[in-house]
Amino acid sequence: MFVASGAMAPAQPLRATILHADLDAFYASVEQLLDPSLRGRPIAVGGGVVLAASYEAKAFGVHGGMSGRRARELCPGLTFVGGHFREYQRLGDAMVDVLRDFTPVVERISIDEAFLDVTGSVHLFGPPAGMAAEIRRRVGAELGLPVSVGVATTKHLAKVASQVAKPDGLVVVEAGEEREFLDPLPVELLWGVGPATRERLGSRGIRTIGALAATSPATLQKLLGSAVGAKLGSLAANADPRRIETGRRAGSMGAQSALGRRVVSEQLLRAELGFLADRVATRLRAKGRAGRTVTVRVRFAGMRSVTRSVTLPWAISVTLTLAELGVGLACAALADEPGEREITLLAISVSNLVPESALQLELDLDARVDQQHRPGTRSGAARWASDRAMDRVRDRFGRGALGYGDVMFRSGRGVPDEFRELAEKDAAALPEPGAGHRHADERR
Ligand SMILES: [Mg+2]
């Protein structure tokens with residue numbers, strides 16, 4: 001029996017018109033596309049950490065987020081390849097271009113996946129399932145890549161359906177068939193259920209989404225904490241009122257840290273703004289957005305505060321770049337206030353937001369300025385890619401699994417080496433970044 005877990009079911013469309021398109025084993029598939037000798041072989045993209053594994057490697061238990069060492073143990077024949085980040089971006093963009101041929105209501109959520117709401121296109125293209133099949137055909141023919149598509153009444157369900165469809169498949173969950181589809185599936189297919197949560201649920205015998213939906217909200221919240229418990233309960237009950245976000249809205253994202261009273265030092269600015277930049281940039285990337293204007297606010301002990309901002313010719317979503325710009329702005333603000341020695345609050349925000357898919361990768365011709373901060377340069381692309389890798393590891397193992405910490409500012413050489421060192425530490429042993437901070441996130 002199914003017991004609704006508190007949340008009211010949202011009004012749902014009469015038809016399953018939400019699509020989730022997700023390229024399969026994306027980085028690995030691109031490498032196999034570029035080098036035919038890699039096809040049919042177990043390969044992994046990455047080095048110290050696996051960013052993506054081909055299906056041949058997944059058969060050995062290799063998966064994204066795993067350390068390279070562990071992957072080699074599981075699959076001795078594994079070949080490490082990779083780093084064609086520009087090709088990843090180009091092909092990810094090309095898929096989105098195909099999707100936009102079916103509807104302008106496309107919400108890109110990462111380099112290789114997007115939601116579409118095709119409600120308004122049915123009269124042009126026919127039933128959503130047919131559009132999904134045509135999308136798969138075109139991506140295969142025009143890009144040479146396999147893509148899986150889920151079709152359902154909500155975003156969450158469409159994403160679950162595309163995961164069930166993998167590899168290279170299509171799953172349609174018609175309106176009214178949701179419970180029948182969800183109930184037998186393992187809990188880890190729900191958004192946000194990683195190994196730790198799965199284990200905790202398993203300890204109570206909760207292994208399927210149906211079992212989760214039948215568990216009382218009180219029990220779930222006791223087991224997982226109130227926020228996670230409530231969220232999972234409503235996802236299991238298939239309550240997902242989120243709309244497709246097309247990224248047309250303006251707005252900003254920011255975060256701030258109340259510091260008490262601290263004597264200002266460059267070290268303090270770097271630590272605090274690094275922490276805040278990590279929060280803001282991670283949320284920007286999760287929303288598929290980037291911004292051109294960076295603003296920093298510094299509040300002094302006497303409650304007076306100053307802000308400094310910079311507007312760039314390009315939009316950014318890279319953690320390290322945001323942190324560096326933030327420190328530069330804070331230093332500029334403090335240089336103008338030589339009398340102030342103590343600060344009580346730091347805040348950073350990014351505005352002038354654009355969809356991240358609007359980022360243009362550029363040729364590496366302009367060596368004059370700001371190589372690291374430009375998204376399209378080799379160095380900028382490396383930062384971008386390592387942030388994506390970090391996001392994936394955190395998605396899987398939790399936010400505390402990895403942090404930038406002090407390494408962020410140690411060198412300007414580029415992030416991949418540092419990221420590799422970080423990723424090889426025992427992820428679970430690292431403390432939650434920013435533990436002990438009082439902070440608030442704000443979004444306007
Ligand atoms: Mg994918």
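Here, the structure is the one placed above.
Residues numbered from 1 in each chain as written. Predicted model: local features only at pLDDT ≥ 70, side-chain atom pairs only at ≥ 80, totals over all residues.

Caption draft 1: Structural detail: unusual backbone geometry. Geometrically, the link from Lys166 to Pro167 is a cis peptide bond, its omega value of -5° lying close to zero. As for its position among the elements, Pro167 is in the loop between helix H7 (155–165) and strand E8 (170–172). Backbone geometry places Ala25, a non-glycine residue, at a positive phi of 40°. Here Ala25 is to be found in the loop between strand E1 (18–23) and helix H1 (26–34). Accessibility expressed as a C-beta count within 10 Å gives 27 for Ala25, which makes it buried. (Helix = DSSP H or I, 4+ residues; strand = E, 2+ residues; numbered from the N terminus. Buried ≥ 20, exposed ≤ 12 C-beta atoms within 10 Å, placed from the backbone.)

Caption draft 2: Focus on the sheet that holds strand E3 (residues 50–53). One open sheet holds the three strands; their spatial order is E3-E2-E4, and the pairing between them is mixed. Since the sheet does not close on itself, it has two edges, and those belong to E3 and strand E4 (79–81), each with one partner. Here the average twist between neighbouring strands, direction ignored, is 35°. Across three bridges, strand E2 (residues 43–46) lies against E3 in antiparallel orientation. (Pairing = 2+ DSSP bridges. Axes fitted to C-alpha atoms, helices over the stretch in contact; angles between N-to-C directions.)

Caption draft 3: Layout of the sheet that holds strand E6 (residues 113–117). What the five strands build is an open sheet, ordered E5-E6-E1-E7-E8; its pairing is mixed. At either margin of the open sheet sits one strand with a lone partner, and together these are strand E5 (106–110) and E8. When strand polarity is set aside, the average angle formed by the axes of neighbouring strands in this sheet is 15°. Examined bridge by bridge, E1 and strand E7 (residues 147–152) share six bridges and lie antiparallel to one another. Within E7, the residue paired with Asp22 across the bridge is Ser148. Contacts from helix H4 (residues 85–100) reach E1, E5, E6 and E7, with the element oriented near 160° to E5. (Contact = placed C-beta atoms within 7 Å.)

Caption draft 4: Structural view of the nonpolar core. One finds Leu19, Ala44, Leu116, Val151, Val280 and Leu322 to be the most contacted residues of the largest nonpolar core, which totals 95 residues. Of all the elements, helix H13 (residues 266–286) adds the most residues to this core, at eight residues. Summarising the domain contributions, this core has at least three residues from each of domain 1 (18–172) and domain 3 (252–443). Apart from the residues within four sequence positions on either side, Val280 is in contact with Met253, Gly254, Ala255, Leu322, Ile348 and Val350. Counting 14 residues, the second largest nonpolar core, distinct from the first, contains Leu182, Val193, Leu232 and Leu235. (Core = buried A, V, L, I, M, F, W, Y, C linked by C-beta atoms within 7 Å. Domains from an automatic or database assignment.)

Caption draft 5: Up close: the packing of H1 against H4. Two elements in contact, H1 and H4, have axes separated by 10 Å at closest approach and are oriented at 105°. Considering their axes alone, H1 and H4 lie roughly perpendicular with respect to each other. Every residue of H4 that contacts H1 at Phe26, Tyr27, Val30 and Leu34 is listed here: Glu87, Tyr88 and Leu91. A class-by-class count of the residues in the contact of H1 with H4 yields six nonpolar, no polar and one charged. (Parallel < 35°, antiparallel > 145°, perpendicular 65-115°, else oblique. Nonpolar A, V, L, I, M, F, W, Y, C, P; charged D, E, K, R; others polar.)

Caption draft 6: Fine view of H13. With 21 residues, H13 ought to run about 30 Å at 1.5 Å a step, and its terminal C-alpha atoms sit 29 Å apart, in line with that. Backbone geometry just downstream of H13 places Gly288 in the positive-phi region, at approximately 70°. (Expected span 1.5 Å × (residues − 1).)

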